[in-house]
Amino acid sequence: MVTISEIKVGQEIKNEFDGITRELLRQYAKVSGDTNPIHTNDAVAIKAGLKGVIAHGLFSFGFITKLFEDYLNQERDGKIIEISVEMRGMIRVGDLLITKAVVSKIEGKRVFFDVTQTSITYVDIKDKEGNIVKQFEAGERGYI
């Protein structure tokens, strides 16, 4: 249970998700109604100038609301009043998606957060001689 008296400026909440797959993006496209093929079809994504499918913007945004819903115990400990976002990058299959919120100020019963999402794209694992031991999709497709 979260109480406002326990929340401090600078406090951080965080979530990491390491399960972004093509199948998950297909399922999201189906349930969201956003069937733009750049999210589900590599050939179409490549024709659009991408190197493979990318996640839906609202897919990654959903992890922001999930972070707060979990923190607020499904709104039993508080309510989300407003969220505004700027989408600046792409999330790819195989990425690690990190969502972090830091308390920036507290005014009465309102708590304000600065939220960032970062993705880590796994490319290659190399041995000491520089030989590729394991290559991830991003390395195969030349994402980086």
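Above this text is the structure in question.
In this text the structure is predicted, and so the values were computed from the model without any measurement.

Colleague: How would you explain the nonpolar core if you had to name every residue and give the values?
Modeller: Inside soluble globular proteins, nonpolar side chains tend to come together where they are buried. Val 2, Ile 7, Ile 13, Ile 64, Leu 67, Phe 68, Tyr 71, Leu 72, Ala 101 and Val 103 together form the largest nonpolar core, which totals ten residues. Elements supplying a minimum of two residues to this core: helix 3 (57-71) and strand 2 (96-107). With four residues, the single largest contributor to this core is helix 3. Sequence-distant contacts of Ile 7, that is, excluding residues within four places in its chain, are made with Val 2, Tyr 71, Val 103, Ile 106 and Val 111. Within the second largest apolar cluster, nine residues are counted, among which are Ile 20, Leu 25, Val 53 and Phe 59.

Colleague: I'd like to hear about the layout of surface pockets, residue by residue, with values.
Modeller: Looking at the largest pocket, its volume works out to about 1,200 Å³. In terms of lining residues, the largest pocket is bounded by 41 residues, among which Ile 64, Phe 68, Ile 83, Phe 113 and Val 115 are the most central. Those elements that place two or more of their residues in the lining of the largest pocket are helix 3 and strand 3 (110-120). Ranked by the residues each element gives to the lining of the largest pocket, the list is headed by strand 3, at ten residues. Along the lines of polarity and charge, the residues of the lining of the largest pocket split into 21 nonpolar, twelve polar and eight charged.

Colleague: A description of the pattern of salt bridges should follow, citing residues and the corresponding values.
Modeller: The tally for this structure, following the rule as stated, stands at nine salt bridges. Residue Glu 137 is joined to Arg 22 by a salt bridge in which the shortest nitrogen-to-oxygen separation is 2.8 Å. Highlighted residues: Glu 137 in helix 4 (residues 137-141) and Arg 22 in helix 1 (residues 22-32), separated in sequence by 115 residues. By relative accessible area, Arg 22 is classed as partly exposed at 21%.

Colleague: Lay out the environment of Met 87 in plain terms, naming residues and giving numbers.
Modeller: Tracing the sequence through the fold places Met 87 in the loop between helix 3 and strand 2. Ignoring any residue separated from it by four or fewer positions in sequence, one finds Met 87 in contact with Gly 57, Leu 58 and Phe 61.

Colleague: Lay out unusual backbone geometry in plain terms, naming residues and giving numbers.
Modeller: We note that Asn 73 has phi near 55°; this positive angle belongs to a residue other than glycine. Positionally, Asn 73 belongs in the loop between helix 3 and strand 2. A positive phi is found at Gln 74, a non-glycine position, where the angle reads about 55°. With respect to the helices and strands, the residue Gln 74 is situated in the loop between helix 3 and strand 2.

Colleague: How would you summarise helix 3 if you had to cite specific residues and measurements?
Modeller: With 15 residues, helix 3 should cover 21 Å at 1.5 Å per step; its first-to-last C-alpha distance of 22 Å lies within 8% of that length. Of all the residues in helix 3, the buried ones are Phe 59, Ser 60, Phe 63, Ile 64, Leu 67, Phe 68 and Tyr 71. Taken together, the buried residues of helix 3 touch strand 1 (12-17), helix 1, strand 2 and strand 3. Following helix 3 by one or two positions, Asn 73 adopts a phi angle in the positive range, close to 55°.

Colleague: Describe the packing of aromatic side chains, listing the residues and the values that go with them.
Modeller: Applying the stated rule across the entire model yields six aromatic pairs. Both rings, one in Phe 59 and one in Phe 63, keep their centres 5.4 Å apart while their planes meet at 70°; by these two values the pair is edge-to-face. On the criterion of helical spacing, the pair formed by Phe 59 and Phe 63 is a turn pair, its members being four residues apart in helix 3. Residue Phe 59 is classed as buried on the basis of its relative accessible area, which comes to 6%. What makes Phe 63 buried here is its relative accessible area of 11%. Here Tyr 122 and Phe 136 contribute two aromatic rings whose centre-to-centre distance is 5.6 Å and whose plane-to-plane angle is 40°, an arrangement assigned as tilted.

The rules behind each value
- Residues numbered from 1 in each chain as written.
- Predicted model: local features only at pLDDT ≥ 70, side-chain atom pairs only at ≥ 80, totals over all residues.
- Heavy atoms only, no water.
- Core = buried A, V, L, I, M, F, W, Y, C linked by side-chain atoms within 4.5 Å.
- Buried < 20%, exposed > 50% of the residue type's maximum accessible area, 1.4 Å probe, protein only.
- Helix = DSSP H or I, 4+ residues; strand = E, 2+ residues; numbered from the N terminus.
- Contact = heavy atoms within 4.5 Å.
- 1 Å grid on protein atoms, 1.4 Å probe; cavity = no way out; pocket = protein on both sides within 12 Å on 5 of 7 lines; lining within 4 Å.
- Points joined across faces, edges and corners; volume = space filled by probe spheres on them.
- Nonpolar A, V, L, I, M, F, W, Y, C, P; charged D, E, K, R; others polar.
- Salt bridge = Lys/Arg side-chain N within 4 Å of Asp/Glu carboxyl O.
- Expected span 1.5 Å × (residues − 1).
- Phe/Tyr/Trp six-rings, centres within 6.5 Å; stacked < 30°, edge-to-face > 60°.

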